[in-house]
Amino acid sequence: MSSRGPAEATAVVMVNEDPNQQEGDDSSSSGPEDLSVIKVSKRRWAVVLVFSCSSMCNAFQWIQYGSINNIFMNFYGVSAFAIDWLSMCYMLTYIPLLPLSWLLEKFGLRTIALTGSVLNCLGAWVKLGSLKPNLFPVTVLGQVICSVAQVFILGMPSRIASVWFGPNEVSTACSIAVLGNQLGIAIGFLVPPVLVPNIQDRDKLAYHISIMFYIIGGVATLLFILVIIVFKEKPKHPPSRAQSQKPALTSSDALSAIIRLFKNLNFVLLVISYGLNAGALYALCTLLNRMVILHYPGEEVNAGRIGLTIIIAGILGTVITGIWLDKTKTYKETTLVVYIMTLVGMVVYTFTLNLGHLWVVFITTGTMGFFMTGYLPLGFEFAVELTYPEPEAVSASLLNVCPQVFGIMFTISQDQIIGKYGAMPANIFLCVFLTLGVVLTGESGPQDKMALRLPMGLCCWQFGSPVS
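Residues numbered from 1 in each chain as written. Predicted model: local features only at pLDDT ≥ 70, side-chain atom pairs only at ≥ 80, totals over all residues. Heavy atoms only, no water.

### So, the pattern of salt bridges
Okay, so step 1: Within the structure shown, the criterion is met by two salt bridges.
Okay, so step 2: Across the pair Arg-290 and Asp-84 runs a salt bridge whose closest N-O atoms are separated by 3.3 Å. One end of the pair, Arg-290, is in helix H13 (residues 265-295); the other, Asp-84, is in helix H4 (residues 80-94), and 206 residues separate them in sequence.
Okay, so step 3: Of the charged contacts, one joins Arg-290 and Asp-415 as a salt bridge, the two residues approaching to 2.3 Å between their closest N and O atoms. (Salt bridge = Lys/Arg side-chain N within 4 Å of Asp/Glu carboxyl O. Helix = DSSP H or I, 4+ residues; strand = E, 2+ residues; numbered from the N terminus.)

In structure tokens, the structure reads:
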């Protein structure tokens, strides 16, 4: 791979461009876009913050059932596996709705934002109709609607960054956009065990559940209103020369790129290894409550805090690995080392979960989350390097599908193993596949330092569900 191509492309984009030049108060006017003037709009920060909050609200709804799995299982009188599907449906709906990146090109940013926001709001309010033990199908319907909303929401960060932000703000904008999703999962681990105590009286339990559902419904409604007010299709002026000259990605272009990518053996190996890692993370988050409660009965609140620890440590890992990669450009070596440490963290967690000391679980899960989540943006950066000059939207979308497939497979398999043999064999099952992921990572890509690319890999990632 040539080390000059991407750098030269960057130089061309940056010539005679002042990315910090601000647009006046007419930045959000509905007039036609003036391609001859390069300015950034003041509205851009409001757009990315509203989006980040919408993503946070949707991510909260992904994990709100799994973080108190045993409580919802008792309330609705269903199996733990049925509650697990309330999380897995988020993974399942993404697969057939993969072409979202082309829907963004066809229908535009505002339409997609409104669609995702209204579906997220609708799903939240549908759940309020499920506050009786015999109404489990209603809560399933609400969760499925939210999972469809997730598909629209997760495709937007890189698009928002490129359409609204200057070239030296793209990574910052993407970081803000994807941080909302991570914070939503963290809050989803922390808040439900506090709002919904583990009590046997179903009437009182329905009251506590209704408080959580009303809060999230109100927040989703407020965010939908803010999306209507704040989101515009694009600013009056393009924020960068590259954006003013960017051609639209057509379906034929994307199809040709997909065919070429599947012929790229290194990329295929990376897709599988990335899917194994992220899929294991999805399964761990979905089943964390069950595993902790199995060894530490009555510790629902601490189970949520352990999940919070995984996410917070993962955010820290993402930041540190991103800084390291910016400084060293050692994509292959860094990815491999972090993957190996992920496996080590998983092995230690597996054999210490049953020791009877919660503080040990906090330390081991935090360490595992640091590397396991920290690997995710590395995977996308590595994919961008392996596939240049293919469109990042296409490679990111393909990289995004594999974790959904493995996440469902791992969650179902672990559920069955936990029921028959316990938590340790279930976690050993994941260790085996993470070992395979280490081997595949070692086989993919060249060993030397790779070309410097525009920092779009981080723009194409978000915890639990990387974006395209």
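### Focus on the packing of H4 against H13
Okay, so step 1: Relative orientation of the contacting elements H4 and H13 amounts to 155°, with a least axis distance of 10 Å. Classified by the interaxial angle, the pair formed by H4 and H13 is roughly antiparallel. Crossing of H4 against H13: the hand is right-handed. Of H13, the residues touching H4 (which contributes Ala-80, Asp-84, Ser-87 and Met-91) are Tyr-282, Thr-286, Leu-287 and Arg-290.
Okay, so step 2: Counted by class, the contact of H4 with H13 contains four nonpolar, two polar and two charged residues. (Axes fitted to C-alpha atoms, helices over the stretch in contact; angles between N-to-C directions. Parallel < 35°, antiparallel > 145°, perpendicular 65-115°, else oblique. Left-handed = near helix turned anticlockwise from the far one by under 90°. Contact = heavy atoms within 4.5 Å. Nonpolar A, V, L, I, M, F, W, Y, C, P; charged D, E, K, R; others polar.)

### With respect to the packing of aromatic side chains
Okay, so step 1: Applying the stated criterion across every chain yields a total of 16 aromatic pairs.
Okay, so step 2: The interplanar angle of 50° and the centroid separation of 5.1 Å between the aromatic rings of Phe-410 and Phe-433 together place this pair among those described as tilted. Of the two residues, Phe-410 sits in helix H17 (residues 392-421) while Phe-433 sits in helix H18 (residues 423-443), which places them 23 residues apart along the sequence.
Okay, so step 3: Judged by relative accessible area, Phe-410 falls into the buried class, the value being 1%.
Okay, so step 4: The rings of Tyr-65, Phe-72, Phe-75, Tyr-76, Phe-136 and Phe-213 are connected pair by pair, giving a single aromatic cluster. (Phe/Tyr/Trp six-rings, centres within 6.5 Å; stacked < 30°, edge-to-face > 60°. Buried < 20%, exposed > 50% of the residue type's maximum accessible area, 1.4 Å probe, protein only.)

### Considering the confidence of the model for the chain
Okay, so step 1: In this model, the chain carries an average pLDDT of 79, and 78% of its residues clear a pLDDT of 70 or more.
Okay, so step 2: Within the chain, no element has a lower average pLDDT than helix H1 (residues 5-14), which sits at 35, and none a higher one than helix H10 (residues 202-230), at 94.
Okay, so step 3: Note on residues 1-31: pLDDT under 50 across the span, and 55 contacts to partners over four residues away in sequence or across chains.
Okay, so step 4: This model gives residues 447-468 a pLDDT under 50, and the stretch forms 101 contacts once residues within four places in sequence are excluded. (pLDDT = per-residue confidence, 0-100.)

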